Amino acid sequence: MRRVIAVVFVIAAAAAGYFGYDRFQKWHNQQLEQARQEEQQQVRAKLDELENEVAALREDLAEQKGGPAAEAKLKEVYGDATLPVPGQDVSCEELDKQVRAFFAYLAQKGYGQGQAGAEDLYSAFLESLDSLAAHPPAVTAELKDLATLTQNVTHFYKGMGKERINLARRVLRDEPETLEPAMSTLFQWLMAADRCPGQDARPSLKASYEYAGFFLSTLGGRSYLIRRDSTVQALTQYYSVLVLDRANDAVLNRHGIDIRPQIQATARDIAGQRGLRYRPQYLAELDRLQAKYEANPGGQPETASTP
């Protein structure tokens, strides 16, 4: 009898110990889970704090880019010429003055080989445009063979030459304050061929369209932009969209490029570039284009039947 009682006692003690351990283990796991969740919350709060600090630093950088130093730089570049602003039309005479002021500034800063003057740099610029317009990249047949893809990837090197490519890289790298006004000027200058017939010849809208398609829809064009600064990427996409819009209006979109996803992607990229001087103007223009093409289910006018 005593032996049976002892066995029952041992079994009861073992059961109590098991259930006690089980309850302790559950409590311990709950404590660990609570501690893990609290730690995750602390990490999230710290990440949010760091993201806010990064955003504040970006805003500070944007203000510095548009501050007194930037204004002084632009005054140095354009002198008494009207400061180029995206979307603001200027006369043919003022546009020519802006372009020549920019190349005069580059010459003054010693860009180019030897004692290159403003006219030398301007002439080299015109020659490069003529060469690129005469030999555009492949837009729709890029992937037909490896040779065509390779030609697209190396297109600017072959079309402009090593010296001029290096000069363009230097300007893009060393003149961030002048980038936006310069691109605005050069875009308006390119698009003003018809309304400014007495000035130097420039590539046609057809030629500009080929390069817009190259940047927006080919591997070669995208690979070129990926190697550039994010600001250069965003602005190149922006002006390519504007060229594509003009090509649509002129029924020159022979490759049938749908502008709608390009507008949306460019708007996202521009919105993420807080250091842009004219960011509100870019976004307003993209909003206008978005509304324009939302009213057109096809996304573009009927394309031209011939190149």
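Refer to the structure printed above.
Predicted model only: the values in this text are computed from it and were never measured.

> Just to check I follow, could you spell out unusual backbone geometry for this structure?
In terms of backbone geometry, most residues other than glycine have negative phi values and most peptide bonds are trans. A positive phi is found at V251, a non-glycine position, where the angle reads about 55°. Looking at where V251 falls in the secondary structure, it is placed in the loop between α11 (230-249) and α12 (259-271).

> What is the right way to look at helix α3 (residues 92-108) in this model?
Since the α-helix advances by 3.6 residues per turn, residues separated by three or four positions end up pointing in the same direction. Between the first and last C-alpha of α3 there are 24 Å, a value that for 17 residues agrees with the 24 Å anticipated at 1.5 Å per step. Burial analysis of α3 places 12 of its 17 residues in the buried class, which makes it a mostly covered element. Looking only at α3, the buried set comprises C92, E94, L95, D96, Q98, V99, A101, F102, F103, Y105, L106 and A107. Just downstream of α3, G110 is the residue with a positive phi angle, here 85°.

> Help me understand the packing of helix α10 (residues 219-226) against α11, please; the structure alone is not making it clear to me.
Think of two packed helices as two axes; the pair is described by the angle between the axes and how far apart they sit. Remark: α10 packs on α11, axes separated minimally by 8 Å, with the N-to-C direction vectors making an angle of 140°. In terms of orientation, α10 lies oblique with respect to α11. Taken together, the residues of α11 that come into contact with α10 (itself represented by R222, L225 and I226) are Q233, T236 and Q237. Its residues assigned to classes, the contact of α10 with α11 shows 2 nonpolar, 3 polar and 1 charged.

> Help me understand α12, please; the structure alone is not making it clear to me.
In a regular helix each residue adds 1.5 Å, so 13 residues correspond to 18 Å; α12 covers 18 Å between its end C-alpha atoms and thus fits that length. Taken as a whole, α12 has its buried residues at I259, Q262, I263, T266 and I270. The buried residues of α12 occupy one face: seen down the axis, they fall within an arc of 100°. Buried residues along α12 sit against α9 (205-217), α11 and α13 (279-294).

> Would you mind showing me how to read the nonpolar core here?
What tends to happen in soluble globular proteins is that the nonpolar side chains get buried as a cluster. One finds L235, Y238, Y239, V241, I263, I270 and Y282 to be the most contacted residues of the largest nonpolar core, which totals 30 residues. Broken down by secondary-structure element, the contributors of at least two residues to this core are α8 (176-191), α9, α11, α12 and α13. Beyond its immediate chain neighbours, meaning those up to four positions away, I263 contacts V241, L286, L289, Q290 and Y293. Membership of the second largest hydrophobic core comes to 25 residues, among which are L95, A101, A182 and W189.

> Even after reading the chapter, I still don't get the packing of α3 against helix α4 (residues 118-134), so can you show me in this structure?
The geometry of α3 relative to α4 is characterised by a closest axis approach of 8 Å and an angle of 115° between their N-to-C directions. When the axis of α3 is compared with that of α4, the two are roughly perpendicular. For the crossing formed where α3 meets α4, the hand is right-handed. Taken together, the residues of α4 that come into contact with α3 (itself represented by D96, V99, R100, F103, A104, L106 and A107) are A118, E119, L121, Y122 and F125.

> Looking at this structure, I do not really get the pattern of salt bridges. What am I missing?
Should their charged atoms come close, side chains of opposite charge can pair. Evaluated as defined, the whole model comprises 11 salt bridges. The salt bridge involving D174 is made with R173; its shortest N-O contact spans 2.8 Å. Here R260 ties to D258 by a salt bridge, and the two come within 3.0 Å at their closest N and O atoms. Taking the relative accessible area as the measure of exposure, D258 reaches 27% and is therefore partly exposed.

> Hey, could you run me through the packing of aromatic side chains in this one?
Each aromatic ring pair is summarised here by two numbers: the centre-to-centre distance and the angle between the ring planes. This model, assessed by the stated rule, comprises 14 aromatic pairs. On the numbers, 5.7 Å between centres and 50° between planes, the contact of F125 with W189 is tilted. Of the two residues, F125 is situated in helix α4 and W189 in helix α8; the sequence distance between them amounts to 64 residues. No difference in accessibility class separates F125 from W189, as the two residues are buried. With a centroid separation of 5.0 Å and an interplanar angle of 75°, the aromatic rings of Y238 and Y239 are classed as edge-to-face. Note on Y238: relative accessible area 3%, which makes it buried. Y239 sits in the buried class, given a relative accessible area of 8%. Chaining the aromatic ring pairs together yields one cluster made of F102, F103, Y122, F125 and W189. One Lys or Arg, R202, reaches over the ring of W189 and ends 4.3 Å from the middle of that ring. Over the aromatic face of Y224 sits the side chain of R228, whose NZ or CZ is 4.9 Å from the ring centroid.

Definitions and cut-offs
- Residues numbered from 1 in each chain as written.
- Predicted model: local features only at pLDDT ≥ 70, side-chain atom pairs only at ≥ 80, totals over all residues.
- Heavy atoms only, no water.
- Helix = DSSP H or I, 4+ residues; strand = E, 2+ residues; numbered from the N terminus.
- Expected span 1.5 Å × (residues − 1).
- Buried < 20%, exposed > 50% of the residue type's maximum accessible area, 1.4 Å probe, protein only.
- Axes fitted to C-alpha atoms, helices over the stretch in contact; angles between N-to-C directions.
- Parallel < 35°, antiparallel > 145°, perpendicular 65-115°, else oblique.
- Contact = heavy atoms within 4.5 Å.
- Nonpolar A, V, L, I, M, F, W, Y, C, P; charged D, E, K, R; others polar.
- Arc of directions from axis to C-beta.
- Core = buried A, V, L, I, M, F, W, Y, C linked by side-chain atoms within 4.5 Å.
- Left-handed = near helix turned anticlockwise from the far one by under 90°.
- Salt bridge = Lys/Arg side-chain N within 4 Å of Asp/Glu carboxyl O.
- Phe/Tyr/Trp six-rings, centres within 6.5 Å; stacked < 30°, edge-to-face > 60°.
- Lys NZ or Arg CZ within 6 Å of the ring centre and 35° of its normal.

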